[in-house]
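Survey of secondary and tertiary structure
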Amino acid sequence: MPSREPKIKIFENRILLVEGKDEANLFGKLIEICLNDNKPAIQVIEIGGKYTFRRNLETLKTGALTRPSLRSIGIVRDADTSATASFQSVHNSVQQAGYRPPSAHAEFSDASPSIGIFIVPDGSEPGAIETVCRRSVQDEESAECVEAYMDCLTAHNALKSNVPDKTFTHAYLAATSDPVARVGEGALQDVWNFQSPAFANLREFVHNLASR
Amino acid sequence: MSISSFEAIHYRGIDGLSLQNMSRANLITGVNGIGKTALIEAIWIFTGRRNPGLLWNTNVQRSNHPVIDPVAELSDSFIELRGKENGKEDKWKVEFEPFEQVERVSFDTWDASESAQIPVAGRLHAWIDDNLIDHGGQSMHDTPRGAVLYGMPPRLTKKGVCIIEGTSWQLVTPDEYLQRYSDMVREGHKQALTKAINLILPGIKDIELLTDKTGKSYLSANTSANVQLPLQALGGGVVRLFRLYLNLFTARSGMVIVDEVENGMHYSVLRDLWSLVRSAIHEWDVQFVATTHSDECIDAAMTAFEREPDALSIHKLYTDESEGVKAITFTGETLEGARDFHLEVR
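Residues numbered from 1 in each chain as written. Chains lettered and ligands numbered in written order. Predicted model: local features only at pLDDT ≥ 70, side-chain atom pairs only at ≥ 80, totals over all residues. Heavy atoms only, no water.

Considerations on the nonpolar core
- In this structure, A:Leu17, B:Leu248, B:Trp274 and B:Phe288 are the most contacted members of the largest nonpolar core, which totals 83 residues.
- It is helix α6 (residues 236–250) of chain B that contributes the most residues to this core, nine residues altogether.
- Non-local contacts of B:Leu248, meaning those with residues more than four positions away in its chain, are made with B:Val256, B:Val277, B:Ala280, B:Ile281, B:Trp284, B:Val286 and B:Phe288.
- Listed in part, the 45 residues of the second largest apolar core include B:Tyr11, B:Leu39, B:Phe46 and B:Trp56. (Core = buried A, V, L, I, M, F, W, Y, C linked by side-chain atoms within 4.5 Å. Buried < 20%, exposed > 50% of the residue type's maximum accessible area, 1.4 Å probe, protein only. Helix = DSSP H or I, 4+ residues; strand = E, 2+ residues; numbered from the N terminus. Contact = heavy atoms within 4.5 Å.)

Written as structure tokens, this is what we have:
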């Protein structure tokens, strides 16, 4: 049976490309908080992971030919182990797809459409969106408990995860009033503090995307 | 026959519409009224460009009313098309010259033993790459005002035919399909045809050519309960599939064009339908062009060509504010991408 998910149509002049559903949930919420009624809307599109990114971006570019008013495309990617490598990967894919990429993280190119790339958490450190989410709630009491839990795991040599930020967010979400598993789902429940300084650079990126 | 690119330079309101990267199988999508049907008509006309008489075909005129000037029904003063077929690009142009008064022109009869004086109302002029089509052969089309003459090569040597199936197809199977069925049986493909019918209607054992009490031939299906039923009694979907399969067979080394290919088909059979199309276009070397509105049809086509995305192109027609109707094409990697992240291609 064919998938019955609604097909993606490009209906805004500003697009934010994220990997999947969970990222779409989180960034959709961030955009909602960042932008007021005076700012143009940004459409969030799940473009898939890094292995299919260039191909899917080329496909999007073909589809976007029907929308000559498209003004800007923002791309968000996790740094994982290397922010430099992630940026370069996205930069190369953007170029191969026939768009003009920006010269640095968090910047936008001078082209039409203008392309911006943001490497989470901050363009220089390793990490992912979970890193930013963790930092955004670090002053919460429950965060203190989760950190203690993780310290206990470490002390007993029981913390096997290679991504402690993900461990933190999962444990943090587990203690909320309606526990969910993923950071995007948590965003829909207003778990993360999008006004926190941790999200400042991402907020600025969203504002820049909206103002191109 | 393989058309890799096509442009309707001047035709039925789709001036400048071009398809690039045409593949073995092509699906044309777009909103109502954008020109999908006009485009496939134009492609069909182009494939038969050495026979300007095709302009009077009912699938092109979209009417059974007699037409004197076929160009005026399709455009203003001329029609111009361009395409690349088997690597060679041709530009085709046709104009109609009406005679102010009907003239009487000598026309050779069939056995050329004598000529007859035929009332002629006009002449159709056609050029390929600015060369007038007039190789010494002359044909005519009867109209209520008299014949219209046009030049045609004495013998059309092109390999492969192009068959077009419009949306106003009839439930009754015309005689040409009886002939096609007979050809298919003679070449040993009857079982394959029955198997194809079973895709959408299991329990059909055989298709036979019978004669009714008036002596008229018709196609009949023999069911697993040993009941004989006229083919059209099995429903529009069965007749549609039957005609499609026969068309694919008949158009070997040619092209089959179908408007709204999903009509009459339940969504659950569309994957099998497209598997059938894929097999046929490879086995019989046919280029396939169809229009569709259906999401399920597109999904089914993408699935059928999952392992060979270069063999399927989806051409989406859209309106550009300044340039009129245009097309974008998803094929190969962009087709895979469209499938992967569920991009709307209609």
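So that's the structure; there's more coming.
Some details on the pattern of salt bridges
- Within this structure, the stated rule accounts for 30 salt bridges over all chains.
- The salt bridge partner of A:Glu125 is A:Arg135, with a shortest N-O separation of 2.7 Å. Here A:Glu125, found in the loop between β4 (114–120) and α4 (129–136), pairs with A:Arg135, found in helix α4; they are 10 residues apart in sequence, far enough to count as distant.
- The exposure class assigned to A:Glu125 is partly exposed, which follows from its relative accessible area of 31%.
- Among the ionic pairs, B:Lys88 bridges to B:Asp90, the shortest N-O distance being 2.3 Å.
- The exposure class of B:Lys88 is partly exposed, given its relative accessible area of 46%. (Salt bridge = Lys/Arg side-chain N within 4 Å of Asp/Glu carboxyl O.)

As for the domain arrangement of chain B
All names here are of chain B.
- Each assigned domain of chain B is listed here: domain 1 (3–151) and domain 2 (162–305).
- Just the C-alpha atoms count here: the centres of domain 1 and domain 2 sit 28 Å apart.
- Each partner contributes residues to the interface: domain 1 has 19 residues there, and domain 2 has 24 residues.
- Seen at the junction of domain 1 and domain 2, the total is one salt bridge.
- Between Asp-285 and Arg-24 there is a salt bridge; the shortest N-O distance is 2.1 Å.
- Remark: the boundary between domain 1 and domain 2 carries 12 residue pairs in polar contact (both at pLDDT 80 or more).
- Only β3 (25–29) and α1 (36–47) provide two or more residues apiece to the side of domain 1 that touches domain 2.
- The dominant element in the side of domain 1 that touches domain 2, judged by the number of residues it contributes, is α1, at seven residues.
- Looking at the side of domain 1 that touches domain 2, its residues break down into eight nonpolar, eight polar and three charged. (Domains from an automatic or database assignment. Polar contact = N/O pair within 3.5 Å; in protein donor to acceptor, adjacent residues only side chain to side chain. Nonpolar A, V, L, I, M, F, W, Y, C, P; charged D, E, K, R; others polar.)

Side note on the environment of A:Gly28
Residues and elements named next belong to chain A.
- Within the secondary structure, Gly-28 sits in helix α1 (residues 21–34).
- When the C-alpha atoms of Gly-28 and Asp-190 are compared, they prove to be 12 Å apart, with 162 residues separating the residues in sequence.
- Other than its neighbours up to four places away in sequence, Gly-28 contacts Glu-23 and Val-44.

A short note on the pairing of strand β1 (residues 14–18) of chain A
Residue and element names in this part refer to chain A.
- Within β1, five of the five residues are buried, which leaves the element mostly enclosed by the surrounding structure.
- Relative to strand β3 (residues 72–78), β1 runs parallel, the two being bridged by four bridges. Of the residues in β3, the one forming a bridge with Ile-15 is Ile-73.
- Of the pairings in the sheet, the one linking β1 to strand β2 (residues 43–46) comprises four bridges and is parallel in character. (Pairing = 2+ DSSP bridges.)

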